[in-house]
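Here is what each chain is made of, one letter per residue.
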Amino acid sequence: MPEGHTLHRLANQHQRAFAGGVVRVSSPQGRFADGAALVDGQRLVRSEAHGKHLLHHYESGLAVHVHLGLYGKFYDAEPPMGVPVGQVRMRMVGEGFGTDLRGPAACEVLLPPEVEALTDRLGADPLRPDADPDRAFARIRRSRRPIGALLMDQSVIAGVGNVYRAEVLFRHGISPYRPGVDLSAEEWSALWSDLVELMPVGVATGRMHVVRPEHDHGEPSYAPDRPRTYVYRRLGAGCRVCAEPVAHAVLEGRNLFWCPACQPS
């Protein structure tokens, strides 16, 4: 599932491409036809992201909410757009730019109170200037759930996914099984500051760069087109810092990677 930086990157792209102009919105697939008709031909005011949620705000006050889920993706093209390929849930066409959305988990029109309800239930987003890390820490310090689970809880921290979760915990030597109540304020401040520094790099480059320069060598990344990681998807490989084999488990239904030596229980 795309992490928060991907959605913020899309929000920035759509802001540049559509904001201030009239957008033609349709649903070639038909599943979003009623929603598309509500905003078709309106001026897009702004595009923004909250965690893993993308919001297009139109001049009428309506907003289109998109959650990509596991399979959603935007496919861009210059107008005039050709015949839709595949099951296109939403097509957006502006002045000189068009995009097709296929396979999202959610694509719906929301009223302002519904947008407010959505954003209110999300946790602090490290990529947003209005984020409140103290609110997130208040949730963490009351919980006995593992910090590795809390970092993935979108009601606590919005936008962090499996890669950033694994890597930021490694960078600070914190076991993913440490209960939230045992995380100190200093440790939380360091984790949050690191996310605030790392995630904008993902927005700018489209890649999650998490390995410090002095460790960015040796075994290649888990995929040819991805930067190296410390532990993510490196089960059994030697830790880039201490050479201990990287461990793997499933925590609350998600794959978890960590170094038992660098992140002791």
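The numbering scheme is per chain: residues are counted from 1 as the chain's sequence reads. In keeping with the model being predicted, local features are shown solely for residues with a pLDDT of at least 70 and side-chain atom pairs are shown and tallied solely at 80 or more, while totals for entire chains, interfaces and linings include all residues. Values shown for side chains rest on all heavy atoms present in the structure; no hydrogens or waters enter the calculation.

Within an unreviewed UniProt entry, the label attached to the chain reads Endonuclease 8 1, and the organism entered is Nocardia amikacinitolerans. UniProt positions are given in the numbering used here, feature names are shortened, and annotations may be inferred rather than shown by experiment. What the UniProt record of the chain gives under Sequence similarities (unreviewed entry) is the line "Belongs to the FPG family." Listed under Catalytic activity (unreviewed entry) in UniProt, the entry text for the chain is "2'-deoxyribonucleotide-(2'-deoxyribose 5'-phosphate)-2'-deoxyribonucleotide-DNA = a 3'-end 2'-deoxyribonucleotide-(2,3-dehydro-2,3-deoxyribose 5'-phosphate)-DNA + a 5'-end 5'-phospho-2'-deoxyribonucleoside-DNA + H(+)".

Caption draft 1: Representation of helix H6 (residues 162-171) in the model. Only protein chains enter the accessibility calculation, which uses a 1.4 Å probe. A residue is then buried if its area is under 20% of the maximum for its type, exposed if over 50%, and partly exposed in between. Comment: elements are numbered from the N terminus, with helices defined as DSSP H or I runs of at least four residues and strands as E runs of at least two. For H6, the buried fraction is high: ten of the ten residues fall into the buried class. All of the buried residues along H6 are Asn162, Val163, Tyr164, Arg165, Ala166, Glu167, Val168, Leu169, Phe170 and Arg171. Packed against the buried residues of H6 are helix H1 (4-18), helix H5 (147-150), helix H7 (185-205), strand S9 (247-251) and strand S10 (254-258). By the convention used here, residues are in contact when the closest approach between their heavy atoms is within 4.5 Å.

Caption draft 2: Molecular detail of the pattern of salt bridges. Take a side-chain nitrogen of Lys or Arg and a carboxyl oxygen of Asp or Glu: if they are within 4 Å of each other, that pair is a salt bridge. Counted under the stated rule, the structure contains twelve salt bridges. Between Arg171 and Asp194 there is a salt bridge, with the nearest N and O atoms lying 2.7 Å from each other. Of this pair, Arg171 sits in helix H6 while Asp194 is found in helix H7, placing the two residues 23 residues apart along the sequence. The class for Asp194 is buried, based on a relative accessible area of 7%. Measuring nitrogen to oxygen at the nearest pair gives 3.2 Å for the salt bridge that ties Asp216 to Arg228. Note that Asp216 is positioned in the loop between H7 and S9 and Arg228 in the loop between H7 and S9, a separation of twelve residues in sequence. Here the residues in one salt-bridge network are Arg46, Glu48, Arg128 and Asp130, joined through shared partners.

Caption draft 3: Quick look at the packing of aromatic side chains. Classification of ring pairs rests on two measures: the distance between centres of Phe, Tyr or Trp rings, Trp counted by its six-membered ring, which must be within 6.5 Å, and the angle between planes, read as stacked under 30 degrees, edge-to-face over 60 and tilted in between. Taken as a whole, this structure holds seven aromatic pairs when the rule is applied. Geometrically, the ring pair formed by Phe18 and Phe97 is edge-to-face, given 5.4 Å between the ring centres and 65° between the ring planes. Residue Phe18 is found in helix H1, and its partner Phe97 is found in the loop between strand S6 (88-93) and strand S7 (98-102); the two are separated by 79 residues along the sequence. The class for Phe18 is buried, based on a relative accessible area of 2%. Look at Phe97 and you get buried, because its relative accessible area is 16%. On the basis of an interplanar angle of 80° and a centroid distance of 5.5 Å, the ring pair of Tyr177 and Trp258 is categorised as edge-to-face. In this pair, Tyr177 is assigned in the loop between H6 and H7 and Trp258 in strand S10, connecting sequence segments 81 residues apart. Classification of Trp258 as buried rests on a relative accessible area of 14%. Feature note: the residues Phe137, Trp188 and Trp192 constitute an aromatic cluster, connected by ring pairs. The criterion for a charge sitting over a ring is simple: Lys NZ or Arg CZ within 6 Å of the ring centre, and within 35 degrees of the ring normal. Cation over ring: Arg102 sits above Tyr75, and NZ or CZ is 3.7 Å from the ring centre.

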